[in-house]
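# Descriptive analysis of the structure
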Amino acid sequence: MTAEEVDYIIWYFSDLINSREMIALSHYNFSDEYKTGPDSKARRWLIKKGKITDDPEILKLFDNGYEQLRLSAAENVLKNHPGKVFFNCCKICGKLARTPRAKQCRFCGHDWH
C-alpha cells in the first residue's frame, strides 16, 4: 500500500478505524502538537478530554513507529471493511483522486462530472 493510499484511508475512512488505533493516532497528533511534559497541566487536560492516553496497551502500538501504526490501521480498515472502502481513481491515468467524491483528476485533468 502506498503512503498516498494510507493517507486517503485515514482521512476519508477514519470512522472505520478501530477505537484503539484511533486513540493512538490522536495521541500522537496531540502530544506532538502540544509538546506536553510528563506532568503538565496541558497533559492532564488532554488525558481528561481523551485526546492523549497513558494506557500502556495503546502506547504499545507505537513499538514499531508511527508510520507502521498508520499502515497497520489502514490495512485493518481494508481487511475488516472491504465493501466500505473505495479508491476513487482516474479512468484515464489510474491515479488516486484527491477525495472519494472528486470528479476531476488532479494529475491529468480528466473530468468525469
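Scroll up for the structure.
Residues numbered from 1 in each chain as written. Predicted model: local features only at pLDDT ≥ 70, side-chain atom pairs only at ≥ 80, totals over all residues. Heavy atoms only, no water.

With that out of the way, let us pick up the nonpolar core. Ile9, Phe13, Ile17, Leu25, Val77 and Val85 are the most contacted members of the largest nonpolar core, which totals 18 residues. Taken together, the elements giving at least two residues each to this core come down to α1 (3-12), α2 (19-34) and α5 (66-80). The leading source of residues in this core is α5, at five residues. Those residues in contact with Phe13 that lie beyond four places of it in its chain are Tyr8, Lys84, Val85, Phe86 and Pro100. (Core = buried A, V, L, I, M, F, W, Y, C linked by side-chain atoms within 4.5 Å. Buried < 20%, exposed > 50% of the residue type's maximum accessible area, 1.4 Å probe, protein only. Helix = DSSP H or I, 4+ residues; strand = E, 2+ residues; numbered from the N terminus. Contact = heavy atoms within 4.5 Å.)

We now examine the pattern of salt bridges. Counted by the stated rule, this structure contains three salt bridges. One salt bridge connects Asp7 with Arg70, and the closest N-O pair in it is separated by 2.0 Å. Note that Asp7 is positioned in helix α1 and Arg70 in helix α5, a separation of 63 residues in sequence. On the accessibility criterion, Asp7 (33% relative accessible area) is partly exposed. A salt bridge links Glu67 to Arg70, with the shortest nitrogen-to-oxygen separation between them at 3.7 Å. Taken as a pair, Glu67 and Arg70 lie in helix α5 at a separation of three residues, close to a single helical turn. You can call Arg70 buried: its relative accessible area is 11%. (Salt bridge = Lys/Arg side-chain N within 4 Å of Asp/Glu carboxyl O.)

On to the state of the cysteines. This model, assessed by the stated rule, comprises zero disulfides. Cys108 takes part in no disulfide bond, and the closest cysteine sulfur to it belongs to Cys90, at a distance of 3.6 Å. For Cys108, a relative accessible area of 40% gives the class partly exposed. (Disulfide = S-S within 2.5 Å.)

Take the side chain of Ser26 next. Note on placement: Ser26 falls in helix α2. A relative accessible area of 16% means that Ser26 is categorised as buried. Residues in contact with Ser26, not counting those within four places in the same chain, are Gly50 and Lys51.

In short, geometric facts, not functional conclusions.
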